[in-house]
Amino acid sequence: MARYEQVQGTVALITLTNPPVNALSAAVRLGITETVTRALRDPEVKSMVICGENGVFCGGADIREFAKPMSGPPLVPMIAAIEEGEKPVVAAIEGAAFGGGLELALGCHYRIAHSKARVGLPEVTLGLLPAAGGTQRLPRLIGLAPALDLITTGRHVTAQEALKLGIVDQVTDQSALDLAIQFAQQVVGQPLLPRKLSTRQTPCPPDVDGLLEETMAQVKQRARGAMAPIACVQAVRAAATLPYQAGMQKEQELMATLFHSSQARAMQYCFFAQRAVGRWSLSSGAHSGNSKPRPVSKVAVIGLGTMGRGITVALVKAGMSVLAVETNKKQLEIGKQMVSAMLKHDAQKRNATPRLDLLHFTIDLLELKNTDLIIEAVFEDMALKKQVFKELSSVCKADAFLCTNTSGLDVDELAAVTKRPELVVGMHFFAPAHVMKLLEVVHGSRSSPEAVATAMHLGKRLGKVSVLVGNCAGFVGNRMLKPYLEQANFLLEEGATPELVDGALEEFGFPMGVFKMSDLSGLDVGWRIRKEAGLTGPNVDPRDPPRRRQGRRYSPLPDLVCEQGRLGQKNGRGWYLYDKPGGRVATPDPSIHKFLEEYRIKHGISPRQIDRQEVVERCLFALINEGFRSLDDGIAAGPEDIDMIYVFGYGWPRHRGGPMFYAGMVGLPRVLTRLEHYRQAHPEVPHLEPSPLLRRLVASGSPPINKWRDFLQRPHSQL
Ligand SMILES: C/C=C(\C)C(=O)SCCNC(=O)CCNC(=O)[C@H](O)C(C)(C)COP(=O)(O)OP(=O)(O)OC[C@H]1O[C@@H](n2cnc3c(N)ncnc32)[C@H](O)[C@@H]1OP(=O)(O)O
């Protein structure tokens, strides 16, 4: 898996050959070891070049091998042999050099990169650290502070930045390989010792301890319970404070604690799940492999509220021409100002020019006649959306796709008012739409494979993780969120405070607890959705007791709080108190505590002590239970789809893999037992009744997550 050639008479060219990314599998490591030994022994060979086939240097260790027993030569001595050899070795980096790939390049004496190449040490995103010498060589090459940044974030670096940082020696727009071969001939005879990174001292600022402490504090806060970033800081600290060999020893020790951890398993599962969700299929037999997206060049966005603005910005940032539509001149002007400001702000951060030339604004629907794809983002109101879809159906060209950004309304009902239901799909973006990575593509019962393929492809162009879901109230994400929110409210009724519930969920790893999240979204948003659903407001059945709706337990607490004029962050008062309207610093509010106490007295509820375990189990197991139901109904195609929706759309901590993966880690029998326990304690809450799929899985011995699809009642029925 490594090809050996002799070029220009004296240069040994070693090419890694393991498509698609030349990952360092056992066979590749063996190939490198053997070819390097051969080149070192051959007196005709004066220098070496290492490159990768098909324009990719190397995507790092083969992640699929991590779950198997180790075989083949280990990376550390393989790279050491390259560095220690007395013939200069040049890495010719094209495409990508990530993880073990960059570590291999750091073992080489010189690095030449193509201008489009990217490098990085993303191991931290897999729950690991760069344990093939990366934590020791990179700081010695570029200094402590930049190495800490790269290794703790795992971020990808362009060739230009790599050159500035000193990771690569030269960047070329021509062939990196040709330049590397030429370079390898020129450096023969030059002293090699200074090029061996293990022999260098790490460049450090005067206050090393201060920098390390500050970094550790920042990393701990960002990590939300993930262990790998912390281990990365500890390993890099060793590069600054210990001799190279002792640092390598430390790197290995830290890696040993991470390698078999559940966090590493979760994050590696996420890596493959993220790629798997792009391979969609429908029960009709259509799938991503046989359904072509139609080219889309002109897109329109209808409605320039928060979502419409974010979607417009996302489209422009992806280089697409956008027609933004509002109902009147005043709204159009406001939207125009805000979209332009968002694009300018974004461009400023990236030191780029905002592509305002791609934007066009209108209040005239007739201007849509040449548009290929329209995304409706008007208010979440079925009657309004139907009216918009009727109009779109008559003014747009016959083959234009009509997409809705609804967060949970019936896509089929909207499709039914058009003359082209097969061209209607849901494209559910998450706020802020130009930032959040998730896109739920909703397949209506009449959506064509071409419409699905086009929406999925557009999502990819926007840099989103697009997940195909079936059509039901709330689709996958918001459907599962409902029991989660419901449990949080019940916990308040029973004796908890917003800060207790949020504290438990934040400790679990969410960036924000449920009540802080409601304050951020605006309490009036949920209130309006509940009003539309007949759960609050004038349409409530007057015979319903205050804590029951539609035949089941209901908590009116969020309605009551909103009706007090507490709208959340925007007016500085919600479940918490904020420093100012629009402020972000939440402090517990004694008047909310008092309100909760009075509420409990009024409804004859004796408050009880609630601990963090109960909060996590009640909220998350109820959410997971609904995930099992969505799978069984065929609304979600597989557990990976649900997990990616939660990781990318709802802040589920990646080191816990997503709700369905987490259920498997906790153990399905335990999830079932605890749900049964809570269902017994709260018989009036149907969401706590364990789903039939969960029961079937447990009865079948709790198979691993990759076997769950075999147990689905109606696989893909709604997709
Ligand atoms: C200790 C640990 C050490 C020493 C490590 O090196 S850990 C690995 C560190 N490397 C990484 O984290 C890089 C992972 N790969 C990527 O980021 C990207 O794949 C890429 C930037 C290298 C290329 O991106 P792209 O062109 O978009 O292609 P895909 O991401 O779709 O990947 C194509 C298929 O290759 C599979 N793949 C990619 N990298 C690896 C890998 N390191 N090991 C095993 N398989 C890998 C990827 O899963 C795709 O296959 P499918 O999933 O589609 O079947």
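Conventions used here
- Residues numbered from 1 in each chain as written.
- Predicted model: local features only at pLDDT ≥ 70, side-chain atom pairs only at ≥ 80, totals over all residues.
- Heavy atoms only, no water.
- UniProt positions renumbered as here; feature names shortened; annotations may be inferred.
- Domains from an automatic or database assignment.
- Contact = heavy atoms within 4.5 Å.
- Buried area = accessible area lost by both parts, 1.4 Å probe.
- Salt bridge = Lys/Arg side-chain N within 4 Å of Asp/Glu carboxyl O.
- Helix = DSSP H or I, 4+ residues; strand = E, 2+ residues; numbered from the N terminus.
- Near = heavy atom within 4 Å.
- Polar contact = N/O pair within 3.5 Å; in protein donor to acceptor, adjacent residues only side chain to side chain.
- Areas by Shrake-Rupley, 256 points an atom, 1.4 Å probe, with all protein chains shown as cover.
- Phe/Tyr/Trp six-rings, centres within 6.5 Å; stacked < 30°, edge-to-face > 60°.
- Lys NZ or Arg CZ within 6 Å of the ring centre and 35° of its normal.

Named according to an unreviewed UniProt entry, the chain is Peroxisomal bifunctional enzyme originating from Clupea harengus. According to the UniProt record, the Subcellular location (unreviewed entry) comment for the chain reads "Peroxisome". What the UniProt record of the chain gives under Subunit (unreviewed entry) is the line "Monomer."

S.K.: So, the domain arrangement of the chain: which residues are in play, and what are the values?
M.R.: Taken domain by domain, the chain comprises domain 1 (2-259), domain 2 (285-474), domain 3 (496-602) and domain 4 (612-634 + 637-711). Distance from the C-alpha centre of domain 3 to the C-alpha centre of domain 4: 25 Å. Contacts between the two partners involve 13 residues from domain 3 and, on the opposite side, 17 residues from domain 4. For the pair domain 3 and domain 4, the two sides together bury roughly 1400 Å², of which 68% comes from carbon and sulfur. Where domain 3 touches domain 4, the interface holds 2 salt bridges.

S.K.: Account for the UniProt feature "domain: 3-hydroxyacyl-CoA dehydrogenase C-terminal" (unreviewed entry) in the chain, with residues named and values stated.
M.R.: Here, the residues flagged by UniProt with the feature "domain: 3-hydroxyacyl-CoA dehydrogenase C-terminal" (unreviewed entry) are residues 474-578 and 615-702. For residues 474-578, helix accounts for 51% and strand for 6%, while the C-alpha atoms at its two ends are 30 Å apart.

S.K.: Hey, could you go over the site of the ligand for me, with residue numbers and the actual values?
M.R.: Surveying the vicinity of the ligand reveals 24 residues, the closest of which are Gly-59, Ala-61, Gly-100, Arg-275 and Arg-279. A distance of 3.3 Å is found between an oxygen atom of the ligand and a side-chain nitrogen or oxygen belonging to Arg-64. One of the backbone nitrogen or oxygen atoms of Gly-100 is found 2.7 Å away from an oxygen atom of the ligand. When the ligand is considered free in solution it has 990 Å² of accessible area, and contact with the protein chains removes 75% of it. If you list the elements that add at least two residues to the shell around the ligand, you get α3 (100-107) and α11 (262-276).

S.K.: I'd like a description of the packing of aromatic side chains, backed by residues and values.
M.R.: Using the criterion set out here, one finds 15 aromatic pairs in the structure. Where Phe-66 meets Phe-259, the ring centres are 5.3 Å apart and the plane angle is 70°; that geometry is what we call edge-to-face. Residue Phe-66 is located in the loop between β3 (47-52) and α2 (75-84), and its partner Phe-259 is located in helix α10 (residues 244-259); the two are separated by 193 residues in the primary sequence. Here the aromatic residues Tyr-484, Phe-508, Phe-510, Trp-652 and Tyr-662 are joined through ring pairs into a cluster of three or more. For Arg-275, the ring lying beneath its charged end belongs to Phe-271, and the centroid distance is 3.8 Å. The residue whose ring lies beneath Lys-516 is Tyr-576, and the NZ or CZ to ring-centre distance is 5.7 Å.

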